[in-house]
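# Per-entry structural report
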Amino acid sequence: MTTLADYQTFDAGDVALQSGAVFPAMRLAYKTYGVLNARKDNVIVYPTSFSAQHADIEWLIQPGAALDPTRYFIVIPNLFGNGLSSSPSNTGLVPFPAISYHDAVAVQRRLLVEQFGISKIALVYGWSMGGMQAYHWAACHSDMVERAAVVCGSAKCSPYNYVFLESVKAALTADPAWQDGRFVKKPVAGLRAMGRVYAGWAMSHDYYRDELWREAGFSTLEDYLTRSWDVAFTRRDANDLLAQIGIWQRGDIGQCPEFGGDLYRALAAIKAHMLLMPGQTDRYFDVRDNEAELGRLVNAKSAVLHPIASIHGHRAGNPINNPADRAFINAEISALLLR
């Protein structure tokens, strides 16, 4: 499996953003797995989630699993703001331009077309922010995408989700290192506070009631919070985290220029086989949002809603150490790839 240093970069040049601004010398970091076949139709696009880099999500890419590199050519594009693709930490741009999912997916499309000559994508698979990118792929590039799996994601950042992210921003920027709209040094207290906020939202009521953190080797609840969540975001640049929170909050496929702000029109533009797979106890992306979207996917080749019956909250969609949820996801994606 890859190491972090193995990634490549696609230099997109000066990119006109959805906001009207121009991002100078934009760079997309990406990693590929497997071999592109002669027909160039065995492609899976697997975008990264919040704060994640490609090495953090490649655990799902395994021979014999749904994302099988012996069968598929898998591309992980690193989302802008994650420290590898263009980010506050590696560009020095102040203020950092307001990037949208639409902008990110447009550059990802350029990578596939210009670098590899790809015109068809067998599957776009994404969890959380990756799921929101999968939705943008399916709506904005409907002729390219054969299938899309939205795992614990949605077509639009809901007001409830938006407010959660405001609490994260407030915790982070309360640190004294936040000065004049930017962190001037590592906000140690702010990152710890952010982790504590995340801990309550990421997992479910039942997860804490049943003390499932003990299964991961933690002796007390405080031990779990200290060793798992207090350090969860300390490896990332805080300005990068804020940039990605902005992308998350602006997420809305209806805001892509071709849809004029009409979410229903954007959903109706999707032609792919769609799998909506929310976590049953996810507090970020509520099952009810996917339920409402399902009825608007009127032109999709197929559209199904298969919630993950798990008490692992949002983390049900990223079950690195959770065999049951992992098996469920692999089975669902394997079935989707047969459609």
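Refer to the structure printed above.
Residues numbered from 1 in each chain as written. Predicted model: local features only at pLDDT ≥ 70, side-chain atom pairs only at ≥ 80, totals over all residues. Heavy atoms only, no water.

For the rest of this paragraph, the subject is the packing of aromatic side chains. Summed over the entire model, instances satisfying the criterion amount to 23 aromatic pairs. Here the aromatic rings of tyrosine 198 and tryptophan 229 are separated by 6.3 Å at their centres, their planes lie at 25 degrees, and the arrangement is stacked. With a gap of 31 residues between them, tyrosine 198 in helix α6 (residues 188-202) and tryptophan 229 in helix α8 (residues 221-229) connect regions that are remote in the sequence. For the residue pair tyrosine 198 and tryptophan 229, the accessibility class agrees, reading buried in each case. When the centroid spacing of 6.1 Å and the interplanar angle of 45 degrees are considered together, the rings of tyrosine 207 and tyrosine 224 count as tilted. One end of the pair, tyrosine 207, is in helix α7 (residues 205-209); the other, tyrosine 224, is in helix α8, with 17 residues separating them in the sequence. Both residues of the pair, tyrosine 207 and tyrosine 224, belong to the buried class. Aromatic rings pair up to connect Phe50, Tyr160, Phe164, Tyr198, Trp201, Trp229, Phe233, Trp248, Tyr284 and Phe285 into one cluster. Of note, arginine 283 hangs over the ring of tryptophan 201, and the distance from its end group to the ring centre comes to 4.6 Å. Looking at arginine 296, its charged tip hangs above the ring of tyrosine 264, at a distance of 3.6 Å from the centre. (Phe/Tyr/Trp six-rings, centres within 6.5 Å; stacked < 30°, edge-to-face > 60°. Helix = DSSP H or I, 4+ residues; strand = E, 2+ residues; numbered from the N terminus. Buried < 20%, exposed > 50% of the residue type's maximum accessible area, 1.4 Å probe, protein only. Lys NZ or Arg CZ within 6 Å of the ring centre and 35° of its normal.)

Mapped onto the secondary structure, serine 87 falls in the loop between β4 (73-77) and α2 (88-91). Accessibility expressed as a relative area gives 0% for serine 87, which makes it buried. One polar contact links the side chain of serine 87 to the main-chain amide nitrogen of glycine 81, over a distance of 3.3 Å. From its side chain, serine 87 meets the backbone nitrogen of asparagine 82 in a polar contact 3.3 Å long. Once residues lying within four places of it in the same chain are set aside, the contact partners of serine 87 are Gly81, Asn82, Phe96 and Asp240. (Polar contact = N/O pair within 3.5 Å; in protein donor to acceptor, adjacent residues only side chain to side chain. Contact = heavy atoms within 4.5 Å.)

Turning next to the side chain of serine 85. Tracing the backbone through its elements, the reader meets serine 85 in the loop between β4 and α2. Sequence-distant contacts of serine 85, defined by excluding residues within four places in its chain, comprise Arg27, Leu28, Ala29, Asn78, Leu79, Phe80 and Asn90.

Looking now at the sheet that holds strand β3 (residues 43-45). The strand order across the open sheet built from eight strands is β1-β2-β4-β3-β5-β6-β9-β10, with neighbouring strands paired in mixed fashion. Each of the sheet's edge strands pairs with one partner strand only, and the pair in question is β1 (8-16) and β10 (302-305). Each strand of the sheet is rotated relative to its neighbour by a mean of 20 degrees, with strand direction disregarded. Inspection of the sheet shows β3 paired to β4 by three bridges, in the parallel sense. Across the sheet, residue valine 43 finds its bridge partner in β4, namely phenylalanine 73. (Pairing = 2+ DSSP bridges. Axes fitted to C-alpha atoms, helices over the stretch in contact; angles between N-to-C directions.)

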